[in-house]
Amino acid sequence: MSVSFDGLGISADLADTMTRLTSVGAQLARMIARNGLDGNLAEAAGTNAGGDGQKALDVIADEAFMAALRGGAVRHYASEEQDEVVDFGTGTLALAIDPLDGSSNIDVNVSIGTIFSIFEAADDTEASFLRPANEQIAGGYIIFGPQTALVVTFGKGVQQWVLEPGSDIWRRVADPKPLPSETSEYAINASNYRHWPQPIRAFIDDLVAGAEGPRGRNFNMRWIASLVAETHRIISRGGVFLYPGDDREGYQRGRLRHVYECAPIAMLIEQLGGEATDGADPIMSATPDRLHARTPFVFGSASKVARVAAYHDLPQDEAHALFNTRGLFRS
Ligand SMILES: O=P(O)(O)OC[C@H]1O[C@](O)(COP(=O)(O)O)[C@@H](O)[C@@H]1O
Ligand SMILES: [Mg+2]
Ligand SMILES: [Mg+2]
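Looking up the protein in an unreviewed UniProt entry gives the name Fructose-1,6-bisphosphatase class 1, with the organism given as Thioclava nitratireducens. Turning to the protein, the UniProt annotation filed under Subcellular location (unreviewed entry) states: "Cytoplasm". For the record of the protein, the UniProt heading Sequence similarities (unreviewed entry) holds the text "Belongs to the FBPase class 1 family."

1. A short note on the pairing of strand β6 (residues 112-120)
Where burial is concerned, most of β6 is hidden: eight out of the nine residues are buried. Two strands pair when backbone bridges link them, and β6 and strand β7 (residues 138-144) are joined in this way by seven bridges, in the antiparallel orientation. Looking at β7, one finds that Ile-115 is bridged to Tyr-141.

2. Some remarks on the packing of aromatic side chains
Under the counting rule described, the total for this entry stands at eleven aromatic pairs. Geometrically, the ring pair formed by Phe-5 and Phe-154 is edge-to-face, given 6.1 Å between the ring centres and 90° between the ring planes. Highlighted residues: Phe-5 in the segment before α1 (12-33) and Phe-154 in the loop between β8 (148-153) and β9 (158-163), separated in sequence by 149 residues. Of the residues examined, Phe-154 reaches a relative accessible area of 14% and is grouped as buried. A centroid spacing of 5.4 Å and a plane angle of 25° characterise the contact between Trp-223 and Phe-241, whose relative ring orientation is stacked. Placement of Trp-223 in the loop between β12 (220-221) and α4 (227-237) and of Phe-241 in strand β13 (residues 240-243) is noted, with a sequence separation of 18 residues between them.

3. Notes on the environment of Ile-115
Its place among the elements puts Ile-115 in strand β6. Between the C-alpha atoms of Ile-115 and Pro-99, which are 16 residues apart in sequence, the distance is 6.6 Å.

4. Brief notes about the UniProt feature "domain: Fructose-1-6-bisphosphatase class I N-terminal" (unreviewed entry) in the protein
According to UniProt, the positions carrying the feature "domain: Fructose-1-6-bisphosphatase class I N-terminal" (unreviewed entry) are residues 27-167. Across residues 27-167, helical content stands at 15% and strand content at 37%; the span's end C-alpha atoms are separated by 9 Å.

5. Let's talk about the coordination of the magnesium ion (ligand 3)
For a metal bound by four donors in a tetrahedral arrangement, the ideal donor-metal-donor angle is 109.5 degrees, while six donors in an octahedral arrangement ideally sit at 90 or 180 degrees. Taken together, Glu-80 (OE), Asp-98 (OD) and Leu-100 (O) make up the protein donors of the magnesium ion (ligand 3), found 2.0 to 2.2 Å from the metal. In terms of primary sequence, the donors binding the magnesium ion (ligand 3) are separated according to E-x17-D-x1-L. If you look at the magnesium ion (ligand 3) and the magnesium ion (ligand 2), they sit 3.7 Å from each other and are both ligated by Asp-98. Here Leu-100 lies in strand β5 (residues 93-101) and Glu-80 lies in the loop between β3 (74-79) and β4 (86-87), a separation of 20 residues in the sequence. According to the relative accessible area criterion, Glu-80 is buried, its value standing at 10%. Judged by its relative accessible area of 1%, Leu-100 falls in the buried class.

6. Observations regarding the pairing of strand β1 (residues 44-47)
Relative to strand β2 (residues 53-55), β1 is paired through three bridges, and the arrangement is antiparallel. Of the residues in β2, the one forming a bridge with Gly-46 is Gln-54. Linking β1 to β2, which pair antiparallel, is a turn of five residues; within it Gly-51 sits at a positive phi near 85°.

7. A look at the side chain of Asp-246
Residue placement: Asp-246 occurs in the loop between β13 and α5 (258-271). Excluding its chain neighbours within four sequence positions, the residues that come into contact with Asp-246 are Asn-192, His-195, Trp-196, Tyr-251 and Gln-252.

8. Some remarks on the domain arrangement of the protein
Taken as a whole, the protein is organised into domain 1 (12-173) and domain 2 (185-329). Relative placement of domain 1 and domain 2: their C-alpha centres are 25 Å apart. Taken as a group, Ile-115, Leu-130 and Tyr-141 account for 20% of the area that domain 1 buries against domain 2, more than any other trio of residues on that side. Remark: the boundary between domain 1 and domain 2 carries one salt bridge.

9. Details of the sheet that holds β9
Across the sheet, which stays open at both edges, the eight strands sit in the order β4-β3-β5-β6-β7-β8-β9-β10 with mixed pairing between neighbours. Pairing within the sheet leaves two strands with one partner each, and these edge strands are β4 and β10 (170-173). Against the sheet, α4 touches β5, β6, β7, β8 and β9, its axis set at about 105° to β7. Along the sheet face, α5 touches β3, β5, β6, β7, β8 and β9 and points at about 100° away from the line of β7.

Rules used throughout
- Residues numbered from 1 in each chain as written.
- Chains lettered and ligands numbered in written order.
- Predicted model: local features only at pLDDT ≥ 70, side-chain atom pairs only at ≥ 80, totals over all residues.
- Heavy atoms only, no water.
- UniProt positions renumbered as here; feature names shortened; annotations may be inferred.
- Buried < 20%, exposed > 50% of the residue type's maximum accessible area, 1.4 Å probe, protein only.
- Helix = DSSP H or I, 4+ residues; strand = E, 2+ residues; numbered from the N terminus.
- Pairing = 2+ DSSP bridges.
- Phe/Tyr/Trp six-rings, centres within 6.5 Å; stacked < 30°, edge-to-face > 60°.
- Donors = N, O, S within 2.8 Å, 3.2 Å for Na, K, Ca; no water.
- Contact = heavy atoms within 4.5 Å.
- Domains from an automatic or database assignment.
- Buried area = accessible area lost by both parts, 1.4 Å probe.
- Salt bridge = Lys/Arg side-chain N within 4 Å of Asp/Glu carboxyl O.
- Axes fitted to C-alpha atoms, helices over the stretch in contact; angles between N-to-C directions.

And the structure:
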């Protein structure tokens, strides 16, 4: 057996689905390690349902997961790369997937990943996914980086496996620890500053002001542009991630997709004692209105996520005031 989920109390259907996912994960890891030797995985390949340009690896990963899952316990397959839910006809589960996350990093040898969300299948294809994330029975990701790792929750804590390089063998390693509630690291694409709503600008202004600002201490920033890699860093050492809505065309609800990006990450983060919101309200209790719906996304250490929500509650004049007047937010 190349991976084992024994002792985790999950159903045979869920274990079979996870085995199929990890088998494709091992194949993709080998392929990614050979990028440039056998062809260019970052070559342009078309446009997906959301209007995003697809790279060769986006399409290869989607086809590989779909082929591996067909005939198993998954009945409804929803993918970033498919306009509509694919109905395999039989099975008890519904799986939503971002087959390849962080596509802009394929050709620069930076960590990329796969994100997945699993529900019990509903009667109708769309109904399987247009429901609150707190109905998920599993959520997780595979990260393809210096190590290939699987991080997943089945609703009782978070477990992690690492792929033995060059093989199909996944070894379980220590479970991730709960997130620290305080942190000094934040992640946001700061090039969008001028497009952000005022509460996000005010929050970031105060972090950037560091020891001289209202927070009275310094913060550090990271931006990898792979949601999976940012999540893995935050799970490893804490931090807060923000992809807010902004005033660019098509970005009013941010960039990230509720169903197959934010919902499973939110489940992992909450299992580790962190929080995940759209800036104000929890992701886990929101119901998306479309398969490819976007949502603003803020997640990570609980106190930081709560602080972002508090900035949304500031009176307009205080959100605009010079940072040194915001004594309320010292720490
Ligand atoms: O390029 P931007 O606007 O900083 O966006 C980066 C974000 O886009 C994403 O790459 C979107 O995911 P895909 O690569 O699956 O489209 C996230 O992984 C990442 O957080
Ligand atoms: Mg993605
Ligand atoms: Mg993707």
